[in-house]
Structures are given as structure tokens and as C-alpha cells.
Amino acid sequence: MTPGTQLEPNSQPLISGRNSTFTPSLDTVQQVDNHEREFRRASQSKSERWTLRTPTKRDIVARLERLSAEDASRLKQCCSTFRVLTCGQHTLRAYPTFRCKKPFCPDCAAERANRLSRQTEAKIAEAMQTHKGRLCFLTLTTKNAATLDGGLSKLKKSFANFKRKKVFKNHIKGYFGAFEYTFNAKTNDFHVHLHLIILRGKFWNQSDISDVWRDVTGDSFIVDIREIKDAHKGVKEVCKYPMKPADLMKMPDDKFLEVVNMKKGTRMFISGGCFYNVKLDDADDAADDSIFSQFADLTEGDACPLCNEELFDLYVNRAQHIGLHELNAMPNLIKTNSS
Ligand SMILES: [Zn+2]
Ligand SMILES: [Zn+2]
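Only a predicted model underlies this, so the values are computations on that prediction, with no experimental measurement involved.

**Details of the overall build of the protein chain**
Move 1: Along its length, the protein chain carries 10 helices and 8 strands.
Move 2: The buried share of the protein chain, reckoned over its 339 residues, is 42%.
Move 3: Sequence separation of 24 or more characterises 76% of the internal contacts of the protein chain that already satisfy a separation of 6 or more.
Move 4: Summing over all exposed atoms, the protein chain offers an accessible surface of approximately 19000 Å²; the carbon and sulfur share of this is 51%.

**Things to note about the pattern of salt bridges**
Move 1: By the definition in use, this model includes 17 salt bridges.
Move 2: One salt bridge in this structure joins Arg 53 and Asp 107, with 2.8 Å as the shortest N-O distance. Note that Arg 53 is positioned in helix H1 (residues 23–66) and Asp 107 in helix H3 (residues 106–127), a separation of 54 residues in sequence. Here Arg 53 matches Asp 107 in class, with each residue buried.
Move 3: Among the ionic contacts, a cluster of salt bridges with common partners joins Arg 53, Lys 57, Asp 107 and Arg 318.

**What about the coordination of the zinc ion (ligand 2)?**
Move 1: For the zinc ion (ligand 2), the full set of protein donor atoms is Cys 87 (SG), His 90 (ND1), Cys 304 (SG) and Cys 307 (SG), at a range of 2.1 to 2.3 Å.
Move 2: With 4 donor atoms in place around the zinc ion (ligand 2) and angles of 101 to 121° between them, the coordination shape is tetrahedral.
Move 3: Donor residues for the zinc ion (ligand 2) sit on one chain with the sequence pattern C-x2-H-x213-C-x2-C. Taken as a pair, Cys 87 in the loop between strand S1 (81–86) and strand S2 (91–96) and Cys 304 in the loop between strand S7 (269–273) and strand S8 (312–317) lie far apart in primary sequence, 217 residues in all.
Move 4: Judged by relative accessible area, Cys 304 falls into the buried class, the value being 1%.

**Section: the coordination of the zinc ion (ligand 1)**
Move 1: Coordination of the zinc ion (ligand 1) by the protein comes from Cys 78 (SG), Cys 100 (SG), Cys 105 (SG) and Cys 108 (SG), over a distance range of 2.2 to 2.4 Å.
Move 2: Its 4 donor atoms give the zinc ion (ligand 1) angles of 102 to 115° at the centre, a pattern that matches the tetrahedral case.
Move 3: Of note, the zinc ion (ligand 1) draws all its donor residues from one chain, in the sequence arrangement C-x21-C-x4-C-x2-C. One exposure class covers both Cys 100 and Cys 108, and it is buried.

**Quick look at the nonpolar core**
Side chains of a nonpolar character, in soluble globular proteins, are inclined to be buried together.
Move 1: Grouped together as the largest cluster of nonpolar side chains are 69 residues, with contacts concentrated most on Leu 64, Leu 140, Phe 159, Phe 162, Leu 196, Ile 197 and Phe 275.
Move 2: In contact with Leu 196, other than residues within four places in its own chain, are Cys 136, Phe 137, Leu 138, Leu 140, Phe 159, Tyr 175, Phe 176, Gly 177, Val 238 and Ile 270.
Move 3: Within the second largest apolar cluster, 9 residues are counted, among which are Phe 295, Leu 298, Cys 304 and Leu 311.

**Let's talk about unusual backbone geometry**
Move 1: We note that Lys 101 has phi near 60°; this positive angle belongs to a residue other than glycine.
Move 2: Residue placement: Lys 101 occurs in the loop between S2 and H3.
Move 3: Here the phi dihedral of Asn 308 falls at roughly 75°; this positive angle occurs in a residue that is not glycine.
Move 4: In this structure, Asn 308 sits in the loop between S7 and S8.
Move 5: The class of Asn 308 is exposed, set by a relative accessible area of 57%.

**As for the side chain of His 321**
Move 1: Checked against the element boundaries, His 321 lands in helix H10 (residues 318–326).
Move 2: Those residues within four positions of His 321 in sequence are excluded, and the remaining contacts are Trp 50, Phe 82, Ala 94 and Val 316.

**Comments concerning the sheet that holds strand S5 (residues 189–200)**
Move 1: Spatial ordering of the open sheet is given by S6-S3-S5-S4-S7, a layout of 5 strands whose pairing is antiparallel. Bordering the open sheet on either side are strand S6 (223–227) and S7, each of which pairs with just one other strand. Within the sheet, the average angular offset between the axes of one strand and its neighbour, ignoring direction, is 15°.
Move 2: Together, strand S3 (134–141) and S6 form the strand contacts of helix H6 (residues 206–217), whose direction differs from that of S6 by roughly 145°.

**Considerations on the sheet that holds S8**
The pairing of strands in a sheet happens through backbone hydrogen bonds and is either parallel or antiparallel.
Move 1: Read from one edge of the open sheet, 3 strands run S2-S1-S8, paired in antiparallel fashion. Edge positions in the sheet fall to S2 and S8, since each of these pairs with one other strand and no more. Adjacent strand axes in the sheet meet at a mean angle of 25°, parallel and antiparallel pairs treated alike.
Move 2: In the sheet, S1 pairs with S8 via 6 bridges, with the strands oriented antiparallel. Residue Thr 86 lies in a different strand from S8, and its bridge partner there is Phe 312.

**Description of the packing of helix H4 (residues 148–164) against H6**
Move 1: Contact pair H4 / H6: the axes reach a minimum separation of 9 Å and the direction vectors enclose 120°. Comparing their axes, H6 and H4 come out oblique. Here H4 and H6 pass one another in a crossing that is right-handed. Contacts from Lys 154, Leu 155, Ser 158, Phe 159, Asn 161 and Phe 162 of H4 reach H6 at Ile 209, Val 212, Trp 213, Val 216 and Thr 217.

Rules and cut-offs
- Residues numbered from 1 in each chain as written.
- Chains lettered and ligands numbered in written order.
- Predicted model: local features only at pLDDT ≥ 70, side-chain atom pairs only at ≥ 80, totals over all residues.
- Heavy atoms only, no water.
- Helix = DSSP H or I, 4+ residues; strand = E, 2+ residues; numbered from the N terminus.
- Buried < 20%, exposed > 50% of the residue type's maximum accessible area, 1.4 Å probe, protein only.
- Contact = heavy atoms within 4.5 Å.
- Areas by Shrake-Rupley, 256 points an atom, 1.4 Å probe, with all protein chains shown as cover.
- Salt bridge = Lys/Arg side-chain N within 4 Å of Asp/Glu carboxyl O.
- Donors = N, O, S within 2.8 Å, 3.2 Å for Na, K, Ca; no water.
- Tetrahedral: all angles 85-135°; square planar, octahedral: opposite > 155°, others 65-115°.
- Core = buried A, V, L, I, M, F, W, Y, C linked by side-chain atoms within 4.5 Å.
- Pairing = 2+ DSSP bridges.
- Axes fitted to C-alpha atoms, helices over the stretch in contact; angles between N-to-C directions.
- Parallel < 35°, antiparallel > 145°, perpendicular 65-115°, else oblique.
- Left-handed = near helix turned anticlockwise from the far one by under 90°.

In short, geometric facts, not functional conclusions.
Structure (C-alpha cells):
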């Protein structure tokens, strides 16, 4: 600035880097930075998850083949080929060309858990706009059962009686729950339990719940109730898959086959009261595996939002699919503002 030149009274001071004409481009760089970080983080964790699931899936397929169970080929085909939307450098979306949708498939179980928890969280938030109360996590357990079917039906019957109790209605305004089971290799039996998210009106203490639960089950009294501090985590906990696929490999053949041959359409979720509308769209066929929902609308021919190159579809196998996620470090990302 030459001496004697005065800024006009109303103009902004020209502070380096803060000039208003530069602001949009700085913001854009910032946005691209954030985008890149988010992309990289999600991409890495996705690749880790896939890498973890691969050996479990291989083991389950091998065992199905050995027992010549009918689902072996479906499971083997599931998530073996992917259609990938890419610019050659960034993988924006990847769909498996075929999904088996078996509850014991590690890939389909993970996808389903993800989708259901997103759905449920939104619906619970919606119900809570009109209903007041405390969101709590309630777990009801029953004694171990020799068969999965036996354990599940006993628990379902017990819960049906439990929710009919006046004391239940007095305390619980709404509930949403999922059945879960684990396998105990030592005792060779199933531990079936019910995880619920409840909207509690009046305070209800654990020992009173336990008494009522013992009353309806006849022999089980182990219950747990705690307030949910983080609704997102709470919902995730309930919507995670009904069984750890790794548990399958601990089972002897007869139990393994029992799980694998479980009747299609066996109900694993329940809801009622003000959460009655938290019905789950378990049969959603249109589910895709968008890495990020913000890229869900892109298709072949569109410009890559990260580098502007044209996007195209590519078919890859499972190993290449995992590799693509690992390659998504983006060294050549150009940080310029095109405007
Ligand atoms: Zn599958
Ligand atoms: Zn790109």
C-alpha cells in the first residue's frame, strides 16, 4: 500500500488470505480435504471389514460343501463378483452382483445389520418426538437350550406373557427388540436372549423386572436394564446380527445344520407400543452397498466428485474388491477451485 492511499470507509480491510474474493476457494479446498479424509477413513475400515470376513466365509462355505448342504453354492457365489463405479482412481460405489441373503452369511448379515440400524434409529427418533420417556436398554435371558428352535420359541412365549402383564404396561411405553443367540461349545447348547430398546415412563428397577421375568419363564431371572446414553450406539447394539458367524464354526455338525436350515422368515425382531411403527423392512431387495450415501445417485458417465474424471462401471472379484479399497489413497487429488 503506497503512503497516502486510504481505504474507502466501507471496504473490507485487505488482510492476506481473508479477502472475501478468496474465501470460496479456501472453503472448497477445505471441503475437498474433509471429503478426502472421510473417504480414506471409510475406505480403509471397509477394506478391514472385508478382509476380516473373508476367512470366516471361506470356512462356512467349505463346511456347507462337506455336508453337502443346499446353500453351499449360493453362499459361495454371494459377494464373489462386484460391480464397481470408479473413475480409475477412486472407488465410489461397489455392489455385489449377487447376494445370498442368508442370516448366517457374514457378508449379508453385516450389510443387513447396517441397514436395519440406520432405519431403526430414524424411526425411534421419529417416535420420540411425540412420546416422552427415558430410552433404556433391556436384556432378557432364558436358560440355555439344547436346540435353537426350542430356545427361541420358549423366549418368544415368555415375552408374549411378559408384555401382557399390567406392570409392563405401566412402565413401558414402547419397545423394539431383536433376538440373539450364542453357542456354548462346552455345554453344547444355545444361549438365546432378547435385546430391547424400551421407552420407559416410570422408573422400573432391575430386581422387580427380574421377579416378573422369573414369574413368566418359570426358571429364568437374569435381566439387565440400563439407560441408553447414546441412542446411535444403543440401536447398533440391538440391530447387530443375531449370531456371530464365527460362532458357527464352533458348532458340531448337527447344531451347525440346525442354524443353517432355520426356517426362512423366522421372526427375529419385535416391536410394540409407541415403537410399533419401528417395523423392519427386512426383505428390502433394493439394498445396495454404497460406500457412502452421498455417492448413491452417481452413475456411469457422471464426473467423479473427487477428481472430475468420467466414471465407469468395472467388474471385479472379491480379492480385487478388497484391493480397490486399499488403493483408495489419493495422492494426486488436485486441490483447485474450478470456478
Ligand atoms: Zn450372502
Ligand atoms: Zn476420481
